[in-house]
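# Structural overview for review
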Amino acid sequence: MEGVNPYAYLQLVAGQIDTMSNRADVENALDDLEYLFEVTDPEIQDIASDLITRLKDKLKAFDAKP
């Protein structure tokens, strides 16, 4: 993710999270956000943390489907 604008990426994920319809997309976004969380300033970590929680909840919803 070198060269990625963290604010733009957070905005992109936030805009796409509700339309992610498969597990792979959610897992990829989650991996990217967890990495971003580790390497960014604390001011961004709060936003990333919220999105990480939403993505994890979405993964749980995939698991709950029969």
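Just above sits the structure.
First, a word on what this report is: a plain description of the structure on this page. (Residues numbered from 1 in each chain as written. Predicted model: local features only at pLDDT ≥ 70, side-chain atom pairs only at ≥ 80, totals over all residues. Heavy atoms only, no water.)

### Focus on the overall build of the protein
When helices and strands are counted, the protein shows 3 helices and 0 strands. Taken from N to C terminus, the helices and strands of the protein fall in the order α-α-α. Over its C-alpha atoms, taken along the principal directions, the protein stretches across nearly 40 × 20 × 15 Å. Scored against the burial criterion, the 66 residues of the protein give a buried share of 29%. Counting contacts in the protein only where the partners sit at least 6 residues apart, residues at least 24 apart contribute 68% of the total. As displayed, the protein has an accessible area near 4,400 Å², and 49% of this comes from carbon and sulfur atoms. Charged side chains of the protein number 6 positive and 14 negative; the gap between the two group centres comes to 11 Å. (Helix = DSSP H or I, 4+ residues; strand = E, 2+ residues; numbered from the N terminus. Buried < 20%, exposed > 50% of the residue type's maximum accessible area, 1.4 Å probe, protein only. Contact = heavy atoms within 4.5 Å. Areas by Shrake-Rupley, 256 points an atom, 1.4 Å probe, with all protein chains shown as cover. Lys, Arg positive; Asp, Glu negative; His and termini not counted. Charge placed at Lys NZ, Arg CZ, Asp CG, Glu CD.)

### A look at the nonpolar core
Grouped together as the largest cluster of nonpolar side chains are 17 residues, with contacts concentrated most on Leu10, Val13, Leu33 and Leu55. Every element with two or more residues in this core is listed here: helix H1 (6-16), helix H2 (23-39) and helix H3 (42-64). Looking at this core element by element, the count peaks at 7 residues for H3. Those residues in contact with leucine 55 that sit more than four places away from it in its chain are Val13, Ile17, Met20, Val26, Ala29, Leu30 and Leu33. (Core = buried A, V, L, I, M, F, W, Y, C linked by side-chain atoms within 4.5 Å.)

All we've got here are geometric facts, nothing functional implied.
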